[in-house]
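Okay, here's what each chain looks like letter by letter:
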Amino acid sequence: MRKTREILRLKWQQGRSHREIATALAIGAGTPSDVAARARAAGLESWDAIDVLSDDELDRKLYQEPTTSPAKPRPKPDPATIHIELRRHGVTLRLLHEEYSQAQPDGYGYTQYVAFYNEWAAKLRVVMRQVHKAGEKCFVDYSGKKPAITDPNTGERVEVELFVAVMGASNFTYAEVTATQQSADWIASHVRLVEYLTGVPRAFVPDQLKAGVVVASRFEPAIQRTYEEWSQHYATTILPARPGKPRDKAKAEGGVLIAQRWILARLRNVTCFSIAEMNEQIALLLVDLNRRVMKRYGKSRRALFDELDRPALAPLRSDRFVHGDWSYATVGYDYHVCVDEHYYSVPYKLVGEYVESRRSAATVEIFLNTTRMASHIRSSVRGGTTTLTEHMPASHRAHAEESIVEIEAWAKLIGPSTSALVRAILEERRHPEHGYRSCRGLKSLTARYTPERIEAACERALIAGARSYRNVESILKNGLDRQPLPVATSSGETPPPLDHENVRGPDYYH
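Residues numbered from 1 in each chain as written. Predicted model: local features only at pLDDT ≥ 70, side-chain atom pairs only at ≥ 80, totals over all residues. Heavy atoms only, no water.

Chemist: An account of the overall build of the protein is needed here, citing residue identities and associated values.
Modeler: Along the protein, the regular secondary structure elements total 18 helices and 18 strands. The long-range fraction of contacts in the protein, counting pairs at least 24 apart against all pairs at least 6 apart in sequence, stands at 61%. For the protein, the exposed area adds up to about 28600 Å²; of that, 50% sits on carbon and sulfur atoms. (Helix = DSSP H or I, 4+ residues; strand = E, 2+ residues; numbered from the N terminus. Contact = heavy atoms within 4.5 Å. Areas by Shrake-Rupley, 256 points an atom, 1.4 Å probe, with all protein chains shown as cover.)

Chemist: Account for the sheet that holds strand 15 (residues 354-359), with residues named and values stated.
Modeler: Taken together, the four strands give an open sheet; going across it, the order is 12-15-16-17, and neighbouring strands pair in antiparallel fashion. Across the chains shown, the open sheet's two edge strands, defined by having one partner strand only, are strand 12 (325-330) and strand 17 (371-377). Pairs of neighbouring strands in the sheet enclose a mean axial angle of 25°, with direction left out of account. Sheet analysis places strand 15 next to strand 16 (residues 363-368), joined by four bridges and oriented antiparallel. Paired with R359 across the bridge in strand 16 is V364. Each of strand 12 and strand 15 is contacted by helix 10 (residues 225-233), which is oriented at about 120° to strand 12, the strand it contacts most. (Pairing = 2+ DSSP bridges. Axes fitted to C-alpha atoms, helices over the stretch in contact; angles between N-to-C directions.)

Chemist: Please set out the pattern of salt bridges residue by residue, giving values where relevant.
Modeler: Following the criterion strictly, the structure yields 19 salt bridges and no others. For R378, the salt bridge goes to D340, with nearest N and O atoms at 2.6 Å. In this pair, R378 sits in the loop between strand 17 and strand 18 (385-386) while D340 sits in the loop between strand 13 (336-339) and strand 14 (342-345), placing the two residues 38 residues apart along the sequence. Residue R378 is classed as partly exposed on the basis of its relative accessible area of 33%. Using a relative accessible area of 42% as the deciding quantity, one classes D340 as partly exposed. For E365, the salt bridge goes to R358, with nearest N and O atoms at 3.7 Å. (Salt bridge = Lys/Arg side-chain N within 4 Å of Asp/Glu carboxyl O. Buried < 20%, exposed > 50% of the residue type's maximum accessible area, 1.4 Å probe, protein only.)

Chemist: Which residues make up the pairing of strand 5 (residues 173-178), and what values go with them?
Modeler: Among the six residues that make up strand 5, six are buried, leaving the element largely enclosed by the rest of the structure. Sheet topology places strand 4 (residues 161-167) next to strand 5; six bridges connect them, and they run antiparallel. What sits directly across from V164, in strand 5, is A175. From the end of strand 4 to the start of strand 5, which pair antiparallel, there are five residues, and N171 there has a positive phi angle of about 65°.

Chemist: Explain the pairing of strand 15 to me, using residue names and the numbers behind them.
Modeler: Of all six residues making up strand 15, five are buried, and the element is well covered by its neighbours. In this structure, the hairpin formed by strand 15 and strand 16 is closed by a connection of three residues.

Chemist: Describe the side chain of S360, listing the residues and the values that go with them.
Modeler: Turning to its location among the elements, S360 is positioned in the loop between strand 15 and strand 16. Here S360 is in contact with V322, H323, G324 and R378, once residues within four sequence places are set aside.

Chemist: Describe the sheet that holds strand 13, listing the residues and the values that go with them.
Modeler: Across the sheet, which stays open at both edges, the three strands sit in the order 13-14-18 with mixed pairing between neighbours. Two strands lie at the open edges of the sheet, namely strand 13 and strand 18, each paired on one side alone. Across two bridges, the pairing between strand 14 and strand 18 is parallel. Within strand 18, the residue paired with Y343 across the bridge is T385.

Chemist: Before we move on, could you go through the nonpolar core and cite the residues and values that matter?
Modeler: In terms of nonpolar packing, the biggest core is built from 43 residues, with V140, W186, L193, F204, W230 and I282 touching the most fellow members. Taken together, the elements giving at least two residues each to this core come down to strand 1 (137-142), strand 4, strand 5, helix 9 (183-197), helix 10, helix 11 (250-264) and helix 12 (275-291). In terms of nonpolar packing, the next biggest core, distinct from the first, is built from 23 residues, I425, L445, A466 and V472 among them. (Core = buried A, V, L, I, M, F, W, Y, C linked by side-chain atoms within 4.5 Å.)

Chemist: Can you break down the environment of L313 residue by residue, with the values?
Modeler: Along the chain, L313 turns up in the loop between helix 13 (301-312) and strand 12. Its relative accessible area of 12% is what places L313 among the buried residues. Note: C-alpha distance between L313 and G199 (114 residues apart in sequence) is 5.2 Å. Apart from the residues within four sequence positions on either side, L313 is in contact with G135, M167, L197, G199, V200, P201 and F305.

Chemist: Help me get a handle on the packing of aromatic side chains, residues and values and all.
Modeler: Following the criterion strictly, the structure yields 15 aromatic pairs and no others. An angle of 45° between the planes, with centres 5.5 Å apart, marks the rings of Y142 and W186 as tilted. Note that Y142 is positioned in strand 1 and W186 in helix 9, a separation of 44 residues in sequence. Judged by its relative accessible area of 7%, Y142 falls in the buried class. Considering the side-chain rings of F172 and Y196, the 5.8 Å spacing of their centres and the 20° angle between planes classify their relative orientation as stacked. Here the residue F172 occupies a position in the loop between strand 4 and strand 5, and Y196 occupies one in helix 9, the gap between them amounting to 24 residues. Look at F172 and you get buried, because its relative accessible area is 1%. (Phe/Tyr/Trp six-rings, centres within 6.5 Å; stacked < 30°, edge-to-face > 60°.)

Chemist: Describe in detail helix 12, supporting the description with residues and values.
Modeler: For helix 12, spanning 17 residues, the distance from its first C-alpha to its last is 24 Å, which sits close to the expected 24 Å at 1.5 Å a residue. Buried residues of helix 12: M278, I282, L285, L286, L289 and N290, and no others. Taken around the axis of helix 12, the buried residues stretch over an arc of 130°, which confines them to a single face. Looking at helix 12, the residues exposed on the side facing more than 90 degrees away from the buried face are A276, E280, L284 and R291. (Expected span 1.5 Å × (residues − 1). Arc of directions from axis to C-beta.)

Chemist: A description of the confidence of the model for the protein should follow, citing residues and the corresponding values.
Modeler: When pLDDT is averaged along the protein, the result is 83, and 85% of the positions lie at 70 or above. Summarising per-element confidence for the protein, the mean pLDDT is lowest in strand 7 (residues 213-215) (66) and highest in strand 5 (94). (pLDDT = per-residue confidence, 0-100.)

Chemist: Summarise the packing of helix 15 (residues 416-428) against helix 16 (residues 436-444); cite the residues concerned and give the values.
Modeler: Each packed pair of helices is defined by two parameters, the angle between the axes and the distance between the axes. Remark: helix 15 packs on helix 16, axes separated minimally by 9 Å, with the N-to-C direction vectors making an angle of 160°. On the basis of the axis angle, helix 15 is roughly antiparallel to helix 16. Taken as a pair, helix 15 and helix 16 cross one another with a handedness that is right-handed. Contacts between helix 15 and helix 16 involve L421, V422, I425 and L426 from the former and Y436, S438, C439 and L442 from the latter. Taken together, the residues that form the contact of helix 15 with helix 16 break down as seven nonpolar, one polar and no charged. (Parallel < 35°, antiparallel > 145°, perpendicular 65-115°, else oblique. Left-handed = near helix turned anticlockwise from the far one by under 90°. Nonpolar A, V, L, I, M, F, W, Y, C, P; charged D, E, K, R; others polar.)

Chemist: Report on the environment of D288, specifying residues and quantitative values.
Modeler: Counting through the fold element by element, D288 comes out in helix 12. Since its relative accessible area comes to 30%, D288 is described here as partly exposed.

Written out as structure tokens, the structure reads:
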């Protein structure tokens, strides 16, 4: 402004030419002419009229006040609306500009239209620059800050995990607490998440945590087997974020931060005695969070979800996913597979094959490639065996039946207690052939002990609740069969404890 005032002084007071003024002030030759034209348009054609004005007044008259009649302002596009519309499938800036031009014929051209939007988008945080299509992605993660419940018995604070999910297009948020970050809790949270959404997004973007990814990789992460099965059940896709790339799951990072501020902060003075009780509190806070209007968009997360995401979600299956853990094994020569220290049969033709086993809370299923070859009720008996007769070759079934008949005949010859013990061993196994080997062990004792001692040992084993060859052998080996049997007193008192090498007694622990 100082040079502008000097240009006008030299022009009106000193009467200098434009060339002389430009040379004296080291400015462009056209500048004195432009300033003089602006002064004439503003009615400032003498130095006296200019000298009484302050710099601000002179600037306003020369540069801010219109020199001609103002033109009608052109309607500007709304960048926030553009940003929301771009999340719909198939919507582009070119299409939006065409619609804008039809509604506002005197509006801006495409280049200026895009410039308005880019200028607005540049002011957003980095996490908001991504354009997420409706119903396309759901970002999931755990909070680093953990809430805690109070043990009702001890009063101890027990930390729990906060699971958070955010829809990409609408920022619609879901949260809940679980006991751990292990696979069972991770999958269960996903099941409840899609039920909360009442639909299934096209893809889920987790961090590369162990419950979801077994081999972390920037290019080819290996999805955890149960998590992959869950995605197949609901016909969706798992797209793990790259390690060390927080922008890949920026929505989840932002959702976790919001959950910490709007949920955990509000629960800081609330005491919950169970996970279920805390989830009830979180459910109420989620309603409030999703109904809050976001200033940038002028709409709530719930409104955007109903408008954008919900119509684009895939329908939810009626049958709920049942969690199952997977393991791998080679079928042994006895056509059984070991799962959690228990042996389950498969068709005998699979001997030597490398198979997968899926164990849920109630069942164990065994697969060859993708074909289910066997299904069993899950057993908790360690070292036990579950065999289906149809899995055995015909010769094995016939041999087992003949051998069991022979064993039962031998037991009757020894005595009633031996016969009763053999029947108990065969009946308490799921299939009689499971106890066949144990009964053969009983029969082999006749090479070392008399029938009378074997009968006495079986009688003692029945009273003690023992149902195996090893129990009877131990009784004989330690001579317990020669000791008097425990008998309950007439007063109903508990008989003295069994004197046995495997029974340590209370003194052992002192």
